[in-house]
Amino acid sequence: MNLKLWISLAVGSLSTAAIAQDSNELVIDGETLVTETAAPAHLEDFDTIYSGWRFRSRETQALETDDFDNPAFVFVDQGLDLWEEVDGSAGKACASCHEDVEDFAGLRTQLPRVQDGELVAMEDLVNGCRTERMGAEPWKWSGGNMTAMTALIGLQSRGMPVGVKIDGEAAPFWEKGKELYYTRVGQLDMACSNCHENNYGVMIRADHLSQGQINGFPTYRLKNAKLNSIHARFKGCMKNIRAEPFKEGGDEFKALELYLASRGQGLSVETPSVRN
């Protein structure tokens, strides 16, 4: 069955408003995170944006409200070990140059960003330090070590609002990401917008489509019991619509990451979040 027809048949009696506009509050360690706010000015098709947390079951939501119960923190602990681990020809660890990981508070909110004329994501920054300062091998973009480290660094910004730059040097990258978001691809002839803009809140399989916000990545998915990077999720979506995925860490996915981050301006960073 064509996926677009499948989505339309799956709506049932549960409306978008019933899913997204609930009274849930995400409170972690006594801090209330923003999961609903006015849409940024550049979005034309809806007035309010919602975190993916708002579309999950009560049981899944609860896992994120307590760091002790959040399964992602097993990997955050691994990130802490990697932070102190000496690796590479320079005989250095992350901690050799960066005394405290808490110094990275706010970094997650600004990424991706333009640096020396190139659009860079957090994974680029991590591998840049490894290869240029530590003399170590780069980590795989969505590998276990990388997602553990990006979760640890991203955690330092939890509760802060997403605020990427989309003007100036960033503008052409943002425009490219926007074009990708609305371009239909694959055998099912679908774009990101078909699910996450036109049909969010709709039940598909055993889950509800969200607005596709990325403020909680890397995220622990119950589906595969591990941390998942933003680009791995992009890759999975493209495979679902029978399209040939772009390369993780490639220009296309980084541009798309910037555009999606801009769609979540004002939502709190939730890293590491829990999703289905």
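Structure shown above.
Everything quoted here is computed from the prediction, not taken from an experiment. (Residues numbered from 1 in each chain as written. Predicted model: local features only at pLDDT ≥ 70, side-chain atom pairs only at ≥ 80, totals over all residues. Heavy atoms only, no water.)

**Q** Is there a simple way to think about the environment of Ala243 in this case?
**A** Checked against the element boundaries, Ala243 lands in the loop between α10 (230–240) and α11 (251–263). Assessed through its relative accessible area of 12%, Ala243 is described here as buried. Sequence separation between Ala243 and Gln187 is 56 residues, and the spatial gap between their C-alpha atoms is 6.4 Å. Excluding residues within four positions of it along the chain, Ala243 makes contact with Val185, Gly186 and Met238. (Helix = DSSP H or I, 4+ residues; strand = E, 2+ residues; numbered from the N terminus. Buried < 20%, exposed > 50% of the residue type's maximum accessible area, 1.4 Å probe, protein only. Contact = heavy atoms within 4.5 Å.)

**Q** I keep staring at the sheet that holds strand β9 (residues 219–221) and nothing clicks. Help me out?
**A** Strand pairing in a sheet relies on backbone hydrogen bonds. The paired strands run either parallel or antiparallel. Reading across from one edge, β10-β9-β11 is the order of the three strands in this open sheet, with mixed pairing throughout. Here the strands that pair on one side only, and so sit at the sheet edges, are β10 (226–228) and β11 (273–275). This sheet shows a mean twist of 40° between the axes of neighbouring strands, independent of strand direction. Taken together, the three bridges between β9 and β10 define a ladder with antiparallel strand orientation. Pairing of Tyr220 across the sheet is with Leu227, part of β10. (Pairing = 2+ DSSP bridges. Axes fitted to C-alpha atoms, helices over the stretch in contact; angles between N-to-C directions.)

**Q** For this particular structure, what's the right way to read the pattern of salt bridges?
**A** Side chains that differ in sign of charge can pair as their charged atoms come close. One pass over the structure, following the stated rule, counts nine salt bridges. Across the salt bridge formed by Lys235 and Glu248, the nearest N and O atoms sit 3.9 Å from each other. Of this pair, Lys235 sits in helix α10 while Glu248 sits in the loop between α10 and α11; the two residues are 13 residues apart in sequence, bridging distant segments of the chain. A relative accessible area of 31% means that Lys235 is categorised as partly exposed. What makes Glu248 buried here is its relative accessible area of 19%. Between Arg275 and Glu270 there is a salt bridge whose closest N-O contact spans 3.2 Å. Taken as a pair, Arg275 and Glu270 share a single burial class, namely buried. Several salt bridges converge on common partners, so that one network encompasses Glu64, Glu270 and Arg275. (Salt bridge = Lys/Arg side-chain N within 4 Å of Asp/Glu carboxyl O.)

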